[in-house]
Amino acid sequence: MNPSLLHEELTHQLAQLENDGLRRRRRTLETPCGPLARVDGRELISFCSNDYLGLANDPVLVEAVCTGARQWGVGSGASHLVSGHLLPHEALEQQLAAFTGFPKALLLSTGFMANLAIVPALVGRGDAVFADKLNHASLIDAVQLSRADSQRYPHGDLAALERMLGASTAKRKLILTDAVFSMDGDLAPLPALLALAERFDAWLVIDDAHGFGVLGPQGRGALAHYALPSAERIVYMGTLGKAAGASGAFVAGSATVVEWLLQRARTYIFTTGSSPIIACALLASLDLIEHGDERRAHLKRLTAQLRDGLANTRWQLIASPTAIQPIVIGDNHEALRVANALFERGLWVPAIRPPTVPKGTARLRVSLTAAHTGEQVEQLVRALQDLA
Ligand SMILES: *Cc1c(COP(=O)(O)O)cnc(C)c1O
């Protein structure tokens, strides 16, 4: 196809997105990540970020980065297996393993890359992956990349999963799930999933992007929340750009699994090691997470306040116990209209539309952080009651 034809086609497809209320637009922030944002000179209260503990702009992390930069410079200069694995990276991996209760952990540059690392390293052609239908996009792509046979069970449907596992003759089986579903905020039934994994001799891969730092005692994550052991068949992934306030991700598991990923995972091997100053920030962040009970308690109070405040509107609140509080509106255009009306009132809440969520379930995705105040949440509640 010649370039002008290709451009014509793309222009047409972009117009189609616009018509369907699906064209996405970025807004440029003139302020650091936090509850107060300025966009195009306008002051807004933001309910958009996954910075659940309010650490992204914490002075302790900023100081750790400055000190770290003076000691380690900025770049790591090479992939981890060549010469890009520095002391702060190594220390962080050890701390992450200890914090999550697994023998070993491996640091990766992003959560998306971590998921692309795990699944293709563990399964391939002839193996079978059993995945929750609402799993994150990176997990869906990871399965495709692995070439394993993919079966998706209806969200949280343990009976369906059990039937699929029972009917499978695959040599290796792998159950794949978000721990906290990113657009619904609900929790996967991890104890039951582990029991099924044990019964059918399957791997259990858990993506705890939204639970790490927030759930469980000292924020140790979704497994700790359910008081589950760090079983050998569990591969645990946590991200470091959400509650941990920086960027990156890690995989924790048995020494054998982590060593295998180090040898085989292409998104680990063929990429430059993340900046050592990020590792320095994350070492400080882990300490704040561990001692962050007050932040987590405040976040819980704000979550209850929002849910109580919206209990009687005509929109449906999803039964979410986490800081992710989606308000399902349904129609794409209406979701956008409500989001725009909130924006006009200085309240910034993202409208999430397909393909991020199933058709007909466009929603406002409110995310709360420990940096919000009760008054800010009250403003949002009043505006939503008004618009409903
Ligand atoms: C955000 C997210 C990821 C991707 O993590 P990044 O570090 O942002 O690349 C993976 N899985 C889930 C469930 C997420 O919410």
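Just so we're clear, the structure is a prediction, and the values are computed from it rather than from any experiment.

Considerations on the overall build of the protein
In terms of regular secondary structure, the protein is built from 14 helices and 14 strands. Its C-alpha radius of gyration of 21 Å places the protein within 12% of the 21 Å reference for a compact globule of 388 residues. Projected onto its principal axes, the C-alpha positions of the protein cover 55 × 55 × 55 Å. Here the protein, with 388 residues, has 52% of them falling under the buried criterion.

A look at the nonpolar core
Most often, soluble globular proteins keep nonpolar side chains buried together rather than apart. With 83 residues, the main nonpolar core has Ile175 and Leu364 as its most contacted residues. Ranked by residue count, the leading element in this core is helix H11 (residues 276–290), at six residues. Leu116, Ala121, Val123 and Val205 belong to the second largest nonpolar core, which has 30 residues in total.

Notes on a nonpolar patch on the surface
Residues Met1, Leu5, Leu6 and Leu10 make up a contiguous nonpolar surface patch of about 400 Å² in total accessible area. Inspection of the secondary structure puts Met1 in the segment before helix H1 (3–19).

Comments concerning the sheet that holds strand S13 (residues 351–352)
Strand order across the open sheet formed by four strands is S10-S11-S14-S13, with antiparallel pairing between neighbours. This sheet does not close on itself; its edge strands, each paired only once, are strand S10 (316–317) and S13. Where S13 lies against strand S14 (residues 362–367), two bridges are found, and the strand directions are antiparallel. By the bridge assignment, Ile352 is partnered in S14 with Arg363.

A few points about the environment of Pro191
In this fold, Pro191 is placed in helix H7 (residues 190–199). As for Pro191 and Pro229, which are separated by 38 residues in sequence, their C-alpha atoms are 9.9 Å apart. Not counting residues up to four positions away in its chain, the partners in contact with Pro191 are Tyr226 and Leu228.

Digging into the pattern of salt bridges
Tallied over the full model, the rule gives 14 salt bridges. Across the salt bridge formed by Arg363 and Asp184, the nearest N and O atoms sit 3.0 Å from each other. Of this pair, Arg363 sits in strand S14 while Asp184 sits in the loop between strand S6 (173–178) and H7, and the two are 179 residues apart along the sequence. Here Arg314 ties to Glu334 by a salt bridge, and the two come within 3.4 Å at their closest N and O atoms. Linking Arg314 in the loop between helix H12 (293–310) and S10 with Glu334 in helix H13 (residues 332–344), this pair joins segments that are 20 residues apart in sequence. Classification of Arg314 by relative accessible area gives exposed; the value is 56%.

What to know about the packing of aromatic side chains
Applying the stated rule across the entire model yields five aromatic pairs. Ring centres of Phe99 and Phe212 lie 5.9 Å apart, and the angle between their planes is 85°; on these two criteria the pair is classed as edge-to-face. Of this pair, Phe99 sits in helix H3 (residues 87–100) while Phe212 sits in the loop between strand S7 (203–207) and helix H8 (222–225); the two residues are 113 residues apart in sequence, bridging distant segments of the chain. Side by side, Phe99 and Phe212 carry an identical accessibility label, which is buried. Plain terms: the ring middles of Phe212 and Phe250 are 5.1 Å apart, the flat faces sit at 70° to each other, and that makes the pair edge-to-face. Remark: Phe250 occurs in strand S9 (residues 249–253) and Phe212 occurs in the loop between S7 and H8; sequence separation between them is 38 residues. Members of the aromatic cluster, connected to one another through ring pairs, are Phe99, Phe102, Phe212, Tyr236 and Phe250.

Cut-offs used in this document
- Residues numbered from 1 in each chain as written.
- Predicted model: local features only at pLDDT ≥ 70, side-chain atom pairs only at ≥ 80, totals over all residues.
- Heavy atoms only, no water.
- Helix = DSSP H or I, 4+ residues; strand = E, 2+ residues; numbered from the N terminus.
- Rg over C-alpha atoms; globule rule 2.2 N^0.38 Å.
- Buried < 20%, exposed > 50% of the residue type's maximum accessible area, 1.4 Å probe, protein only.
- Core = buried A, V, L, I, M, F, W, Y, C linked by side-chain atoms within 4.5 Å.
- Patch = residues over 30% accessible without salt bridge, like charges linked within 9 Å, V, L, I, M, F, W, Y side chains within 5 Å.
- Areas by Shrake-Rupley, 256 points an atom, 1.4 Å probe, with all protein chains shown as cover.
- Salt bridge = Lys/Arg side-chain N within 4 Å of Asp/Glu carboxyl O.
- Pairing = 2+ DSSP bridges.
- Contact = heavy atoms within 4.5 Å.
- Phe/Tyr/Trp six-rings, centres within 6.5 Å; stacked < 30°, edge-to-face > 60°.

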